[in-house]
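Letter by letter, the chains look like this.
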Amino acid sequence: MNNIENIVVDTGTTAYPIYFADDFGSLAEAAEKCGYKGRKLCIITDNNVGGIYAETIKREMEKVFSEVKVCTFKAGEKSKTLDTIRDFYEFLLENKFDRKSVIAGLGGGVAGDMAGFAAASFMRGVDFIQIPTTLLAQVDSSVGGKVGVDLGSYKNVVGAFYQPKFVYINTSSLDTLPKREFSAGMAEVIKYGIIQSEDFYKYIIENKEKIKSFDKEYIRHIIRSCCEMKAVVVSKDEHDTGLREILNYGHTIGHAVEGLKGFELLHGECVAIGMAAVTDISVKRGYIGEDKLAELKELLKFFDLPVSVSGLKAENVYEQLFHDKKVSSNKLKFVIADSVGSTIRTSDVAKDEVMAAINSVIED
Ligand code: ADP
Ligand code: ZN
């Protein structure tokens with residue numbers, strides 16, 4: 001595939017490309033490269049994304065696959081359940097899919113996580129392709145192989161590590177993405193700057209107008225940069241036992257807010273609140289200046305993201321932290337910035353520090 005750019009995610013056990021394109025016109029070629037000629041494909045997607053893109057992708061994929069079926073679920077995090085997965089299995093069986101068949105996840109993180117989980121478990125595992133269409137999925141969830149579903153209010157507690165055969169990112173698919181969803185994705189983009197690269201962080205600040213006005217050149221650059229950074233982290237720690245934890249910057253408190261606010265706030269919005277909170281610890285410890293925290297909050301606000309939350313009690317948020325699946329032996333783990341572009345992972349954070357951080361984002 002020389003007409004579109006790609007990078008490779010190499011986990012040591014497996015390696016796969018992430019393609020960056022401006023349309024879906026190279027999908028068949030990517031599939032052919034995997035040796036999928038004559039196989040069957042099931043595209044798992046939600047009703048929004050499916051309604052816009054499934055037909056185009058189906059036609060494209062029919063150039064390679066002998067048969068392409070589209071399996072649609074109702075859009076939204078509420079669908080991310082084992083019941084929906086069961087519906088997929090039934091669809092796959094009714095349509096005579098077998099171990100040689102391939103499953104593609106088309107849509108945001110919800111579609112990708114569920115399609116991946118179905119692929120990991122159907123017939124003990126069939127090949128899987130990621131076609132992410134939200135900014136959040138393109139810069140985060142589609143890369144790295146985490147797949148799964150929620151159980152009640154517990155997010156992603158049932159799942160697997162299951163790497164795709166390739167990820168295909170069509171930047172133009174963001175044209176139809178609701179603005180609020182785009183903003184939510186920007187929280188994760190900004191996160192990469194703080195944890196990994198001051199240069200990238202500065203790039204976002206310097207070009208924020210261009211990014212917000214959706215200038216393709218800038219959007220392409222940020223997506224590619226985030227994928228490169230994630231690829232490096234994932235390749236060093238595929239199964240999330242160490243380094244990969246830095247990707248959880250802002251997520252410890254963010255997840256607690258998300259749990260307590262139910263489905264009112266988007267994941268990216270909670271991550272924005274969580275980043276504002278946890279960065280307070282860095283400021284209090286003297287790792288970074290007050291001005292840097294103010295700059296971060298301004299940047300998040302510029303992208304229409306919240307940096308505080310109403311209707312919550314700090315003590316309840318603190319309690320909720322212990323429900324996170326990342327908590328082991330009742331010890332909270334935090335990723336803290338020791339400067340912009342660099343982080344430390346630590347369990348050594350006092351309750352007072354955490355409470356102050358939470359209080360710094362709670363509105364009366
Ligand atoms: P996330 O990627 O943030 O995990 P979802 O998978 O729930 O979230 O997607 C967020 C919402 O955006 C869903 O309602 C989904 O149908 C919709 N959506 C996803 N991608 C697009 C797109 N490219 N155009 C329009 N709507 C989209
Ligand atoms: Zn996240």
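Refer to the structure printed above.
Residues numbered from 1 in each chain as written. Chains lettered and ligands numbered in written order. Predicted model: local features only at pLDDT ≥ 70, side-chain atom pairs only at ≥ 80, totals over all residues. Heavy atoms only, no water.

Asker: Can you tell me about the pairing of strand β1 (residues 5–10), naming the residues and giving the values?
Answerer: Note: β1 against strand β2 (residues 15–21), six bridges, orientation antiparallel. Within the sheet, the bridge partner assigned to V8 lies in β2 and is P17. Hairpin connection between β1 and β2: a loop of four residues separates the two successive antiparallel strands, and G12 in this loop has a positive phi of roughly 95 degrees. (Pairing = 2+ DSSP bridges. Helix = DSSP H or I, 4+ residues; strand = E, 2+ residues; numbered from the N terminus.)

Asker: Tell me about the coordination of the zinc ion (ligand 2), and name the residues and values.
Answerer: Summarising the metal site, the zinc ion (ligand 2) is bound by the protein donors E188 (OE), H251 (NE2) and H267 (NE2), whose distances to it range over 2.0 to 2.1 Å. On the primary sequence, the residues serving as donors to the zinc ion (ligand 2) are separated as E-x62-H-x15-H. Pair noted here: H251 is in helix α10 (residues 251–260) and H267 is in helix α11 (residues 267–284), with a separation of 16 residues, a long-range link. When sorted by exposure, H251 lands in the same class as H267, which is buried. (Donors = N, O, S within 2.8 Å, 3.2 Å for Na, K, Ca; no water. Buried < 20%, exposed > 50% of the residue type's maximum accessible area, 1.4 Å probe, protein only.)

Asker: Before we move on, could you go through the packing of α11 against helix α14 (residues 351–359) and cite the residues and values that matter?
Answerer: The geometry of α11 relative to α14 is characterised by a closest axis approach of 8 Å and an angle of 125 degrees between their N-to-C directions. Taken together, α11 and α14 sit at an angle that is classed as oblique. Handedness of the crossing formed by α11 with α14: right-handed. Contacts between α11 and α14 involve A277, D280, I281 and K284 from the first element and E353, A356 and A357 from the second. Tallied by class, residues from the contact of α11 with α14 come to four nonpolar, no polar and three charged. (Axes fitted to C-alpha atoms, helices over the stretch in contact; angles between N-to-C directions. Parallel < 35°, antiparallel > 145°, perpendicular 65-115°, else oblique. Left-handed = near helix turned anticlockwise from the far one by under 90°. Contact = heavy atoms within 4.5 Å. Nonpolar A, V, L, I, M, F, W, Y, C, P; charged D, E, K, R; others polar.)

Asker: I'd like to hear about a nonpolar patch on the surface, residue by residue, with values.
Answerer: Together, L82, L151, Y154 and V157 line one region of the surface with nonpolar side chains, adding up to about 330 Å² of accessible area. Its place among the elements puts L82 in helix α3 (residues 82–94). (Patch = residues over 30% accessible without salt bridge, like charges linked within 9 Å, V, L, I, M, F, W, Y side chains within 5 Å. Areas by Shrake-Rupley, 256 points an atom, 1.4 Å probe, with all protein chains shown as cover. Salt bridge = Lys/Arg side-chain N within 4 Å of Asp/Glu carboxyl O.)

Asker: Give a description of the pattern of salt bridges that names residues and reports values.
Answerer: Under the defined criterion, the tally for this structure stands at 26 salt bridges. A salt bridge links D240 to K146; the nearest nitrogen and oxygen atoms lie 2.6 Å apart. Remark: K146 occurs in strand β7 (residues 146–151) and D240 occurs in the loop between α9 (216–236) and α10; sequence separation between them is 94 residues. When the shortest N-O distance is used, the salt bridge between E245 and R345 registers 3.8 Å. Here the residue E245 occupies a position in the loop between α9 and α10, and R345 occupies one in strand β11 (residues 342–346), the gap between them amounting to 100 residues. Overall, R345 belongs to the partly exposed group, its relative accessible area being 41%. Shared partners join several salt bridges into a network, and the residues in it are E77, K80, D113, K155 and E258.

Asker: For the nonpolar core, give the residues involved together with the corresponding values.
Answerer: Judged by nonpolar contacts, the single largest core of 78 residues is most densely connected at M186 and I190. The element best represented in this core is α9, accounting for ten residues. Apart from the residues lying within four places of it in its own chain, the contact partners of I190 are Y201, I204, M275, L296, L299, L300 and F303. Core analysis: the second largest hydrophobic core is formed by 26 residues, F24, Y36, Y53 and M61 among them. (Core = buried A, V, L, I, M, F, W, Y, C linked by side-chain atoms within 4.5 Å.)

Asker: Help me get a handle on empty space enclosed by the protein, residues and values and all.
Answerer: In the structure shown here, the tally under the stated rule is four cavities of 30 Å³ or more. Estimated volume of the largest cavity: approximately 150 Å³. Residue lining of the largest cavity: 14 residues in total, with N248, T252, K326, K333 and F334 positioned closest to the centre. When residues of the lining of the largest cavity are assigned to their parent elements, the largest contribution, three residues, is made by α10. Across the lining of the largest cavity, the residue classes break down as four nonpolar, five polar and five charged. Of the pockets and cavities examined, the second largest cavity occupies roughly 60 Å³. Lining the second largest cavity are I194, Y201, T279, I288, K292, L296, A337, S339 and V340. Elements that contribute at least two residues to the lining of the second largest cavity include exactly α12 (290–302) and β10 (334–339). In terms of residue class, the lining of the second largest cavity is built from six nonpolar, two polar and one charged. (1 Å grid on protein atoms, 1.4 Å probe; cavity = no way out; pocket = protein on both sides within 12 Å on 5 of 7 lines; lining within 4 Å. Points joined across faces, edges and corners; volume = space filled by probe spheres on them.)

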